Amino acid sequence: MIIDVHGHYTTAPAALGAWRDRQVAALKDGTPAPLASQLHISDDELRESIETNQLKKMQERGSDLTVFSPRASFMAHHIGGFQVSATWAAICNELCFRVSELFPDHFIGAAMLPQSPGVDPASCIPELERCVRDYGFVGINLNPDPSGGHWTSPPLCDRHWWPIYEKMIEHDVPAMIHVSTSCNACFHTTGAHYLNADTTAFMQCLSGDLFKDFPTLKFLIPHGGGAVPYHWGRFRGLAQELKKPLLDEHLLNNIFFDTCVYHQPGIDLLTEVIPVKNVLFASEMIGAVRGIDPTTGHHYDDTKRYIEAADLTAEERHQIFEGNARRVFGRLDAHLKRKGL
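As the structure is a computational prediction, the values presented were derived from the model and not from experiment.

Rules and cut-offs
- Residues numbered from 1 in each chain as written.
- Predicted model: local features only at pLDDT ≥ 70, side-chain atom pairs only at ≥ 80, totals over all residues.
- Heavy atoms only, no water.
- Salt bridge = Lys/Arg side-chain N within 4 Å of Asp/Glu carboxyl O.
- Helix = DSSP H or I, 4+ residues; strand = E, 2+ residues; numbered from the N terminus.
- Buried < 20%, exposed > 50% of the residue type's maximum accessible area, 1.4 Å probe, protein only.
- Pairing = 2+ DSSP bridges.
- Contact = heavy atoms within 4.5 Å.
- Arc of directions from axis to C-beta.
- Disulfide = S-S within 2.5 Å.
- Axes fitted to C-alpha atoms, helices over the stretch in contact; angles between N-to-C directions.
- Parallel < 35°, antiparallel > 145°, perpendicular 65-115°, else oblique.
- Left-handed = near helix turned anticlockwise from the far one by under 90°.
- Nonpolar A, V, L, I, M, F, W, Y, C, P; charged D, E, K, R; others polar.
- Core = buried A, V, L, I, M, F, W, Y, C linked by side-chain atoms within 4.5 Å.

Student: Please explain the pattern of salt bridges as it appears in this structure.
Tutor: Two side chains with opposite charge may pair up if their charged atoms get near one another. A full pass over the atoms with the stated rule returns 14 salt bridges. The shortest N-O distance in the salt bridge between Lys339 and Asp105 comes to 3.0 Å. With Lys339 in the segment after α15 (330-338) and Asp105 in the loop between α5 (82-102) and β3 (107-112), the pair connects residues that are 234 residues apart, well separated along the chain. Overall, the relative accessible area of 37% leaves Lys339 in the partly exposed class.

Okay, structure coming up:
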């Protein structure tokens, strides 16, 4: 199988964005917020939004299954308080679940959490458990910076986050470390904030001893790990200065990287520097980079081509395309085995 571990519902029907606009407007002008029950999206609308977009590209490019979560830039945890985020997360997660029900062979859900700046992460647990228990979701997206580019939360190795980690382990779900929209003008959302966050999350884990306390905790750092593979020597040297173990022992039993890197040299570097056991196939289509690369004539986010062209053995490609995903996403593996796959 070709399993894409990084997909977002970026093509949701326009009614979803319109409802969100009403919710945000109500915060600004003090009017009553819209009710979740006032959002009406039919199954036919969901089918059309998927069949003409993500599913069409999956079939064209040859991938089989996508781990599918709400649109990352729409999470916008900095807007409103916890109740605003809770309502919004529940709506977005339900839509991803409905997509997985309509296309069970091609999509399976990962949950957006109702995070909010300054709010105890334990407040997210009911939504996490609902998505795992009722929707069969196999992972979560965890935003290390709910403030939207101002970084007001403690580092990921701080006890602040432990309630989430305890539930992740209990339910055997990994977290993709994924920020949302930047409201800091210094940081472009997809070109800077996302990649900054990937690098920052890795360094936060390097600086602490989180995985001594949670040896089975699993993080997926997207977008190829930001600057991490390119500066692997720097991080090895920093770990040494901080009297940490070698990175293979300190972090690589728990931290994994995806292949949302949109050119061949980047994938070549990733697969040469990072052990293949820590690399999971992903494309994040239809996402931040949707155009065609004029030097190749192919879409930037057609990442399967890069894996096929990389200097890898057949077994290594299998691990990246399927084996590693099934090992990191335990509930996904169990789900596929129940289907005889």
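Student: Teacher, can you tell me more about the pairing of strand β1 (residues 3-9) here?
Tutor: Along any regular strand the residues' side chains alternate between the sheet's two faces. Extensive coverage of β1 is indicated by the burial of seven of its seven residues. Summarising the sheet, β1 and strand β2 (residues 65-70) pair through five bridges and their orientation is parallel. Within β2, the position partnered with Ile3 by the bridge is Leu65.

Student: What am I meant to see in the environment of Met176 here?
Tutor: Position of Met176 relative to the elements: it lies in strand β5 (residues 175-177). According to the relative accessible area criterion, Met176 is buried, its value standing at 6%. As for Met176 and Ser49, which are separated by 127 residues in sequence, their C-alpha atoms are 24 Å apart. Beyond its immediate chain neighbours, meaning those up to four positions away, Met176 contacts Val5, His6, Ile140, Asn141, Leu142, Leu220, Pro222 and Asp258.

Student: I keep staring at the environment of Ala72 and nothing clicks. Help me out?
Tutor: Structurally, Ala72 can be placed in helix α4 (residues 72-75). Linking Ala72 and Met112, residues 40 residues apart in sequence, is a C-alpha distance of 8.3 Å. With residues near it in sequence (within four places) discarded, Ala72 still touches His8, His178, Val179, Ser180, Thr181 and Tyr194.

Student: How should I be thinking about helix α12 (residues 264-273) in this particular structure?
Tutor: It helps to recall that an α-helix has 3.6 residues per turn; residues three or four apart then point in one direction. Here α12 has its buried residues at Gly266, Ile267, Leu270 and Thr271. On an axial view of α12, the arc spanned by its buried residues comes to 125°, and they lie on one face. Of the exposed residues in α12, those oriented more than 90 degrees away from the buried face are Pro265 and Glu272.

Student: What is the right way to read the pairing of β2 from this model?
Tutor: In terms of burial, β2 is largely enclosed, as six of its six residues are buried. Pairing analysis gives three bridges linking β2 to β3, with the strands arranged parallel. The partner of Thr66 across the bridge, within β3, is Phe107.

Student: It is not clear to me how unusual backbone geometry should be interpreted in this structure. Could you clarify?
Tutor: Negative phi values dominate among residues other than glycine, just as trans dominates among peptide bonds. Residue Ile286 is bonded to the preceding Met285 through a cis peptide linkage, with omega at 0°. Looking at where Ile286 falls in the secondary structure, it is placed in the loop between β8 (279-280) and α13 (303-309). The phi dihedral of His223 is positive, around 55°, even though this residue is not glycine.

Student: So what exactly am I meant to see when it comes to the state of the cysteines here?
Tutor: In a disulfide, the sulfur atoms of two cysteines are covalently bonded to one another. What the rule picks out here adds up to zero disulfides. For the unlinked cysteine Cys157, the closest cysteine sulfur is that of Cys205, found at 6.9 Å.

Student: Looking at this structure, I do not really get the packing of helix α6 (residues 125-135) against helix α7 (residues 162-171). What am I missing?
Tutor: Running from amino to carboxyl end, α6 crosses α7 at an angle of 15°, the nearest separation of the two axes being 10 Å. Classed by the angle they form, the pair α6 and α7 counts as roughly parallel. Read as a crossing pair, α6 and α7 show a hand that is right-handed. Counted together, Ile125, Leu128, Glu129 and Val132 of α6 and Pro163, Lys167, Glu170 and His171 of α7 form the full contact between these two elements. Here the residues of the contact of α6 with α7 are counted per class, giving four nonpolar, one polar and three charged.

Student: Just to check I follow, could you spell out the nonpolar core for this structure?
Tutor: When a protein is soluble and globular, its nonpolar side chains tend to lie buried together. Of all hydrophobic cores here, the largest spans 81 residues; its most connected members are Tyr165, Phe202 and Phe219. Sequence-distant contacts of Tyr165, that is, excluding residues within four places in its chain, are made with Leu142, Leu156, Leu210, Phe214, Leu217 and Phe219. With 19 residues, the next largest nonpolar core counts Ile3, Val138, Phe256 and Ala282 among its residues.

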